[in-house]
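Examining the three-dimensional arrangement
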Amino acid sequence: MNNISAKLLEAKNEPLWYFNKNSLIIIGIIVLGLFLFPFTSPSKFAIHLMMMIFMHAVMAQSWNVLAGFSGQISLGHAIFFGIGAYACAYFYVKFHITPWIGILIGIGISGFVAMLIGIPILRLKGHYFAIATLLIGISFQVVFQRWPEVGSSSGLWIPINRESPWSSMQFHKSKVAYYYISLLFFIVTFFLVWLLNRSKLGYRLRAIRDQSDAASSLGIHVSKYKIIAFIISAMIMAPIGSIYAQYVLIVDPNNAFNVDISILVLLIAVMGGVGNIWGPIIGAAILIPISEFSRIYFGGTGHSIDLVVYGVLIIIICIFKPSGIVSLIPRSFREREKAK
Amino acid sequence: MGLIYALIAAGLSLIFGLMEIVNFAHGDHLMISMFSAFWLWALFGLDPIFSIPITILIMAAIGVLTHYFIIRKILNSTMLVQICATFGLAVTIRALAQLFFTPDFRTIKNPLIQGKFEILGIFIGKPQLYASLVCLVAFVLLYLFVTKTETGTALQATSQDRQAAEILGIPSNKMFALGWAIGLSCVAVAGSMLSNFYYVFPDVGVNFSLFAFVAVALGGFGSITGSLIAGIIIGVVESVGGLVIDPSFKLLYVFAVYLFVVIVRPQGIFGRY
C-alpha cells in the first residue's frame, strides 16, 4: 500500500526525461555501431541474423509490455503478428496501398482487435486468461484458413514489383534495407517502451501488476489500464508482422498465426527477464542465434533441435533464475541509469 | 470421444486441484503415452489393450520424475514461471519426439479391436466404443480411489489445505508426486485407447490438450466429476456443431463454449474457486 503510493509519488516528481551521461554514451555507441554495421560488408547471413534478433526483440518487448507491466500472461500474441502481416499484404494485393501505409493500417486494426478481445477476457485472471488467449490465437488461425477473401489456407502472395522498390517496400538486391527498417522499429519501440516505463502510465500499470486491489483503491481504473496495456502491446507487435510479410513476400495462416510465435515470444521475454525493458533484447540476442545456427549445423531436422535447446533452457531458467538473465548482470550496472 | 477428453481433463484437473499448476505439457504427455503404446505394439507386438498397464507404469514414472525435477522447484514461484516451466517442458518433449520419432504419422495396424457396430442404422466404430468404455471404467476407478481410499482422501485433504494436511501428518510432497503419477496414468489410459484408432505423431497432443483445458475450465479446476461432464459436453458440442454447421470450424465451437463459460461463470460448472 505504502509502496504504491510512494511509487506514484515518485512518478509525479520524476521528470520524464532523465538521462545519465554514461549510459547515454554507451547506448549511443551501440546504436551508432548498429547503424554502421552493414558498411562493414558482413555476409548476408549476418544481416539476416541481426534482423531476426531485432524483430524478435520487438515482439518479445510487445509481450513484455503486457506481462511485465500489467501481469497478464498472453499465449496468443501471434494474433497481432498475423494481423499486421495480413493487413499489410491484403491492402497491397487488393488495393495497391503501399506497405508503408499498410503498416499503419495494421497497427490500427491490431489495436482495435486488441480492444475487442481485451474487454471481455482481461477480466479473467491468471490461467484462465492465458488459456483464453491461447484458444483465441488458434481460432484466428482457423478462421483465416477458411476465409476465401484472404486466400484461405494458401494465404496471400505479394506480387514482386521491380520498378519501385521504395513504394512497394521490396528490396530484392540486398537485405540491408530490411535491416534498416527493422532496426528503426527496434529503436523506436525501445525508446517508446522506455518512455512508457517512466511515465505515469507505466507506474500505474506496475501498481496494478503488483497489487491490483490496492491500486484500484487508490483510484486507478484497473480494467481500463489493462486494456490500454493490451492495446499498446498489440500495436507494437503488428508492424513486425508487416515487415516479416514484406521480407518473405508470402502470408499464410499457418505461419502468420503460428502458435510457435506466441510461445517463442514468451520464451525470449522470460529468458531475458520479464518486466525489464532490456530483458527482451538479451533474450533475443541469445535465443535467435542458437536457433539460426542449429538450423545451419543440423540441417533440416535441426528445426526440432533448436526447440529442444529452447525448452531445456527455459526450464533451467525457471528453476534457477526466475527473474531472467538480466538479473545476472551486476546490479550496479543496471542501476547506473537511475543512480543520479 | 467425449469420454476420452474427460479422462485427459481429469488428469489435468487433479494436478491443478492439488497444486494450482496448469500442466501445459499435458497434451505432450498424452503423445508420449500414445507413442509408448505404439512402440510396444511395433517392437513387441503387444496390442494397446494389453499394454495399458505398462503404459500406465511408464507414465506414472514420468509424472513422478517431472514432479521431482521440475515442479517441486517451482511450486512457490509466480504463476508466470510455472506456466513457462510447463510450457518449456511441452516444447522439449514435442521437439524430442520430432527428433527421435520423426514427424511421420503412424498407425497401429490390425489392432485386436476393430470393425464397427450398427445400431439402428448408425455406425459406431468398435475402437471408439471400447475406448469410451475403458475410459469410463478408468474414471470410476479414479473416482473411487479419490473418494473412498485413505490415500485418496489424503490427496483431497492436501488439495484443500496444504498446511492443515501437513499438520495432520500427510506429506504434501509425496501427495504431489502421487497426484502427478495418477494424473499421467489417466493420460496413459486415454492415450493407449486413442492409439487404437487415431494417428500417432509428435503434434498429436496439441488439440487434445486444448480440449482438456476447455474441459477443465468448464468443469471447474480441481473437480473430477466436473471434468467428466465437461468432457462429454465438449464431445457433444464438437460433433453436433460439426454436423449441423460446418465441420471445419469444430475447434471454434468448443472455444466459444469456453469463452462463454469463463466469462459468465468463471469458476466453471462445479468449480470451487
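Residues numbered from 1 in each chain as written. Chains lettered and ligands numbered in written order. Predicted model: local features only at pLDDT ≥ 70, side-chain atom pairs only at ≥ 80, totals over all residues.

1. Let's talk about the overall build of chain B
Using the following cut-off: Starting at the N terminus, helices and strands are each numbered in turn, a helix being any DSSP run of H or I of at least four residues and a strand any DSSP run of E of at least two. Counting other C-beta atoms within 10 Å of each residue's C-beta, where C-beta atoms are placed from the backbone, gives the exposure class: buried for 20 or more, exposed for 12 or fewer, partly exposed between.
The helix and strand inventory of chain B stands at 11 helices and 2 strands. Reading chain B from its N terminus to its C terminus gives the helix and strand order α-α-α-α-β-β-α-α-α-α-α-α-α. Buried positions account for 53% of the 273 residues belonging to chain B.

2. Describing the overall build of chain A
What counts is decided by this rule: Here contacts are defined at the residue level, using C-beta atoms placed from the backbone and a cut-off of 7 Å between them.
Looking only at helices and strands, chain A features 16 helices and 2 strands. In chain A, which comprises 340 residues, the share counted as buried stands at 46%. The contacts of chain A with a sequence gap of at least 6 include a subset with a gap of at least 24, amounting to 77%.

3. Considering the nonpolar core
This is how the line gets drawn: For the purposes of this analysis, a nonpolar core is taken to be any set of buried Ala, Val, Leu, Ile, Met, Phe, Trp, Tyr and Cys residues that are connected through C-beta atoms within 7 Å.
One finds Leu7, Ile8, Cys135, Val189, Ala190, Val214 and Ala215 of chain B to be the most contacted residues of the largest nonpolar core, which totals 197 residues. Of the residues forming this core, the biggest block, 15 residues, is contributed by helix α8 (residues 172–194) of chain B.

4. Describing the interface of chain B and chain A
Where we set the bar: Following the grouping adopted for this structure description, the nonpolar residues are Ala, Val, Leu, Ile, Met, Phe, Trp, Tyr, Cys and Pro, the charged ones are Asp, Glu, Lys and Arg, and the polar ones are all others, Gly among them.
Between chain B and chain A, the contact holds 33 residues from the first and 32 residues from the second. Only α3 (48–74), α4 (79–101), α9 (205–219) and α11 (250–264) of chain B provide two or more residues apiece to the side of chain B that touches chain A. Take the side of chain B that touches chain A: its biggest share by element is 15 residues, from α4 of chain B. Taken together, the residues of the side of chain B that touches chain A sort by class into 27 nonpolar, 5 polar and 1 charged.

5. What about helix α8 (residues 176–198) of chain A?
One turn of the α-helix equals 3.6 residues, which is why residues spaced by three or four share an orientation. Residue and element names in this part refer to chain A. Which entries qualify depends on this criterion: How far a helix is expected to stretch is found by multiplying one less than its residue total by 1.5 Å.
The end-to-end C-alpha distance of α8 is 33 Å, a good match for the 33 Å that 23 residues give at a rise of 1.5 Å each. Of all the residues in α8, the buried ones are Tyr178, Tyr179, Ile181, Ser182, Phe185, Phe186, Thr189, Phe190 and Val193. Those residues of α8 that are buried lie in contact with α3 (44–70) and α11 (222–248).

6. Concerning α11 of chain A
All names here are of chain A. If you check α11, its first and last C-alpha atoms are 40 Å apart, about what 27 residues at 1.5 Å a residue would give, namely 39 Å. Counting buried residues along α11, 20 of its 27 residues qualify, which places the element largely inside the surrounding structure. Following α11 by one or two positions, Leu249 has its phi on the positive side, about 60°.

7. Notes on the packing of α9 of chain B against α11 of chain B
Working note: a packed helix pair is described by the angle between its axes plus the distance between those axes. Residue and element names in this part refer to chain B. For clarity, the cut-off: Here an axis means a line fitted to C-alpha atoms, over the contact stretch when the element is a helix, while the angle between two N-to-C directions is reported on a 0 to 180 degree scale. We call two directions roughly parallel when the angle between them is under 35 degrees, roughly antiparallel when it is over 145, roughly perpendicular when it lies between 65 and 115, and oblique otherwise. By definition, any crossing whose near helix is turned counterclockwise from its far helix by less than a right angle is left-handed, and any crossing with a clockwise turn is right-handed.
Following both chains from N to C, one finds α9 and α11 inclined at 30°, their axes separated by 10 Å at the closest point. Taken together, the axis directions place α9 and α11 in an arrangement best described as roughly parallel. As for how α9 packs across α11, the hand of that crossing is left-handed. Every residue of α11 that contacts α9 at Phe211, Val214, Ala217 and Leu218 is listed here: Val254, Val257, Tyr258, Val261 and Val262.

8. Re the environment of Phe176 of chain B
Residues and elements named next belong to chain B. Residue placement: Phe176 occurs in helix α8. In this structure Phe176 comes out as buried when scored by C-beta crowding, with 24 C-beta atoms within 10 Å. Taking the C-alpha atoms as reference points, Phe176 and Tyr68, separated by 108 residues in sequence, lie 9.5 Å from one another. Once you skip the residues sitting within four places of it in the chain, Phe176 turns out to touch Leu18, Met19 and His67.

9. Things to note about the packing of α3 of chain A against helix α13 (residues 259–272) of chain A
Residues and elements named next belong to chain A. The interhelical angle for the contact between α3 and α13, taken along N-to-C directions, is 75°, at an axis separation of 8 Å. Classified by the angle between their axes, α3 and α13 sit roughly perpendicular to one another. In this structure, α3 uses His56, Met59, Ala60, Trp63, Asn64 and Ala67 to contact α13, whose residues at the interface are Val265, Leu266, Ile268, Ala269 and Gly272. Residue classes in the contact of α3 with α13 are distributed as 8 nonpolar, 3 polar and no charged.

10. A few points about the confidence of the model for chain B
The cut-off we apply is this: Confidence scores per residue from the predictor, reported as pLDDT, run from 0 to 100.
Mean pLDDT over chain B stands at 76; residues scoring 70 or higher make up 85%. As scored by the predictor, the complex reaches a pTM of 0.79 and an ipTM of 0.76.

11. Observations concerning the confidence of the model for chain A
On average, chain A scores 76 in pLDDT, and the residues at 70 or more come to 80%. In the predicted structure, residues 335–340 of chain A sits below a pLDDT of 50 and forms 6 contacts with residues beyond four places in sequence or in another chain.

12. Some words on the environment of Leu194 of chain B
Residues and elements named next belong to chain B. For Leu194, the position within the fold is in helix α8. Sequence-wise, Leu194 and Gln128 are 66 residues apart; in three dimensions their C-alpha atoms are separated by 8.1 Å. Leu194 has contacts with Ile4, Met34 and Ala131, leaving out every residue within four places of it along the chain.

13. A word on the environment of Val248 of chain A
Residue and element names in this part refer to chain A. For Val248, the location among the structural elements is in helix α11. Overall, the presence of 12 C-beta atoms within 10 Å leaves Val248 in the exposed class. Between the C-alpha atom of Val248 and that of Phe320, which follows or precedes it by 72 residues, the distance is 38 Å.

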